[in-house]
Amino acid sequence: MRRRNFISLLGGAAVAWPLAVAAQQSTNRKRLAIFSPAEPSADLHDHSESKKSRAFFAELRRLGWIEGQNLKVESYGREQNASGPEGLATEIVRSNPDVIHVVGPGAVIFKKLTSRIPIVVITTDPVKQGIAESLAHPGGNFTGASIDAGLSIHGKRIALLREMVPTMSKLGCLALRFQWDGASAGAFRAAAETAGLPLAVSLLEFGTSEADIRTAVESISRDGANAVMVLDSPQILQNSTLIAKLLGDAKLPAIFTFTESIEAGGLMAYSFDLIELHKRAANNIDAILRGAKPGDIPFYQVTRFELSINLKTAKQLGLSVPPGLVASADKVIE
């Protein structure tokens, strides 16, 4: 072979090789659909501003899954939720991804739609929702993490709030309507009844506006609540700063389920570690993409909770924080 022809052939191979690799990566790329209709779609990708999403994608990357290379991420967030969560879930199932990641309320919707596509959830009690036979042996197409410790965790939050506000006589509740209408809210209602507390409940919709949140807080205050429990959902987390401010302006002491809400100005939280949960979800997704069956992957049950107190907010509310409560806190914001 002449030298000129050889160099031409070599140059052609140099161009063709990366193209072939890229084509192979595209062919082998797995598809991950993320369902979180309360969050902006931008928060459901790598390089997100959301701490939990950054931890999730960092863990996937550590495990060898990189968005844009061997993993295609299809986000179904607030912008795609025009037809409601049921319509959004139907669209996802129709697209037939390799795995679906469900964040927050919504797991039961997918139970009606598919028994075939693997689904990794971060949710409340999966057994009560009927998406798992047991935590140790889910048995179907669902696995993930459960943040619900049942009646006891709600009772613990009520007891902590009562320690902060001994005069509490009516408990307000701010929650997402979708979760309130589901099975998980039953444990909260039972805990309030056990504590002898009547409820003043305000419910938010997916994609709710600032005006809607303001109206909900005003309703709780008008109904005579003198303390509030804010239930967990991505919708609540997205609006932590606004909710904390409105409750503070209304002079309503509140306990949250996210530490981030206390950093945003809320009074106190008895919370689980969102970063840990998203890392565990990433590990479940990795196992499924490598061939594991979701029904064989045990659900992780949150067992460790942390108490956070914002002393600045307590002072603004005119509360005297019991020294014992401060001493038992895992995190104190001065």
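The sections below set out a description of the structure shown in this document. (Residues numbered from 1 in each chain as written. Predicted model: local features only at pLDDT ≥ 70, side-chain atom pairs only at ≥ 80, totals over all residues. Heavy atoms only, no water.)

## A few points about the overall build of the protein
So, step 1. Within the protein one finds 14 helices and 13 strands.
So, step 2. In terms of overall dimensions, the protein has a C-alpha envelope of 95 × 40 × 35 Å along the principal axes.
So, step 3. Taking all 334 residues of the protein together, the buried fraction comes to 51%.
So, step 4. Considering only residue pairs separated by 6 or more positions, the protein has 69% of its internal contacts joining residues 24 or more positions apart.
So, step 5. Counting only carbon and sulfur atoms, one obtains 52% of the accessible surface of the protein, whose full area is about 15300 Å².
So, step 6. Positive and negative side-chain charges of the protein, numbering 36 and 33 respectively, have mean locations separated by a distance of 6 Å. (Helix = DSSP H or I, 4+ residues; strand = E, 2+ residues; numbered from the N terminus. Buried < 20%, exposed > 50% of the residue type's maximum accessible area, 1.4 Å probe, protein only. Contact = heavy atoms within 4.5 Å. Areas by Shrake-Rupley, 256 points an atom, 1.4 Å probe, with all protein chains shown as cover. Lys, Arg positive; Asp, Glu negative; His and termini not counted. Charge placed at Lys NZ, Arg CZ, Asp CG, Glu CD.)

## Here we look at the nonpolar core
So, step 1. Among the nonpolar cores identified, the biggest contains 60 residues, and Leu 32, Phe 56, Leu 60 and Met 268 are the most heavily contacted of them.
So, step 2. If you tally residues by element for this core, the top one is helix H12 (residues 274-289), at 7 residues.
So, step 3. Apart from residues no more than four positions distant in its own chain, Leu 60 is found in contact with Leu 32, Trp 65, Leu 71, Ala 282 and Ile 285.
So, step 4. Counting residues in hydrophobic clusters, the runner-up holds 21 residues, among them Leu 242, Ile 243, Ala 244 and Ile 262. (Core = buried A, V, L, I, M, F, W, Y, C linked by side-chain atoms within 4.5 Å.)

## With respect to empty space enclosed by the protein
So, step 1. A complete count under the given rule lists 4 cavities of 30 Å³ or more for this structure.
So, step 2. Here the second largest cavity defines a volume of roughly 60 Å³.
So, step 3. In terms of lining, the second largest cavity is formed by Ile 34, Glu 39, Asp 43, Leu 44, Lys 52, Ser 53, Phe 56, Phe 57, His 101, Val 103 and His 278.
So, step 4. Listing elements by their share of the lining of the second largest cavity, those giving two or more residues are helix H2 (51-62) and strand E3 (99-103). (1 Å grid on protein atoms, 1.4 Å probe; cavity = no way out; pocket = protein on both sides within 12 Å on 5 of 7 lines; lining within 4 Å. Points joined across faces, edges and corners; volume = space filled by probe spheres on them.)

## So, unusual backbone geometry
So, step 1. Located in the positive-phi region is His 47, a residue other than glycine, with phi close to 65 degrees.
So, step 2. By secondary structure assignment, the location of His 47 is in the loop between strand E1 (30-35) and H2.
So, step 3. When its relative accessible area of 72% is taken as the criterion, His 47 is described as exposed.
So, step 4. The phi dihedral of Asn 96 falls on the positive side, at around 55 degrees, and the residue is not glycine.
So, step 5. With respect to the helices and strands, the residue Asn 96 is situated in the loop between helix H3 (85-95) and E3.

## Examining the packing of helix H8 (residues 210-222) against helix H10 (residues 240-249)
So, step 1. Contact pair H8 / H10: the axes reach a minimum separation of 10 Å and the direction vectors enclose 35 degrees. Between H8 and H10 lies a crossing of right-handed hand. On the side of H8, the interface is formed by Glu 210, Ile 213, Arg 214 and Val 217, while H10 contributes Leu 242, Ile 243, Leu 246 and Leu 247.
So, step 2. Classifying every residue of the contact of H8 with H10 gives 6 nonpolar, no polar and 2 charged. (Axes fitted to C-alpha atoms, helices over the stretch in contact; angles between N-to-C directions. Left-handed = near helix turned anticlockwise from the far one by under 90°. Nonpolar A, V, L, I, M, F, W, Y, C, P; charged D, E, K, R; others polar.)

## Thoughts on the sheet that holds E1
So, step 1. Pairing is parallel across the open sheet formed by 6 strands, whose spatial order is E2-E1-E3-E4-E5-E11. The two strands at the open ends of the sheet, each matched to only one other strand, are strand E2 (71-76) and strand E11 (300-301).
So, step 2. With respect to the sheet, H3 is in contact with E1, E2 and E3, its orientation differing from that of E1 by roughly 175 degrees. (Pairing = 2+ DSSP bridges.)

## Notes on the packing of aromatic side chains
The geometry of an aromatic ring pair comes down to the distance between the two centres and the angle between the two planes.
So, step 1. Per the stated rule, a full pass over the model turns up 4 aromatic pairs.
So, step 2. Their ring planes at 85 degrees and their centres at 5.1 Å tell us that Phe 35 and Phe 110 sit as a pair that is edge-to-face. With Phe 35 in strand E1 and Phe 110 in helix H4 (residues 107-113), this residue pair connects regions lying 75 residues apart in the sequence. Neither Phe 35 nor Phe 110 differs from the other in exposure class; each is buried.
So, step 3. Pairing Tyr 270 with Phe 305 gives two aromatic rings, centres 5.5 Å apart and planes at 15 degrees, and the pair type is stacked. Placement of Tyr 270 in strand E10 (residues 268-271) and of Phe 305 in the loop between E11 and strand E12 (306-310) is noted, with a sequence separation of 35 residues between them. By the burial criterion, Tyr 270 is buried, and Phe 305 matches it. (Phe/Tyr/Trp six-rings, centres within 6.5 Å; stacked < 30°, edge-to-face > 60°.)

## Quick notes on the layout of surface pockets
So, step 1. Counted as a void, the largest pocket has a volume near 460 Å³.
So, step 2. The set of elements that each furnish at least two residues to the lining of the largest pocket consists of H3, H4, strand E4 (119-123), helix H6 (177-180), helix H9 (234-238) and H12.
So, step 3. In terms of residue count, the dominant contributor to the lining of the largest pocket is H4 (5 residues).
So, step 4. Grouping the amino acids of the lining of the largest pocket by side-chain chemistry returns 15 nonpolar, 11 polar and 4 charged.
So, step 5. The volume enclosed by the second largest pocket comes to roughly 280 Å³.
So, step 6. Along the wall of the second largest pocket there are 14 residues; nearest its centre are Ser 50, Lys 51, Leu 237, Gln 238 and Glu 260.
So, step 7. Those elements that provide at least two residues to the lining of the second largest pocket are H2, H9 and H10.
So, step 8. Here the lining of the second largest pocket is composed, by residue class, of 3 nonpolar, 5 polar and 6 charged.

Keep in mind that these numbers describe shape and distance, not what the molecule does.
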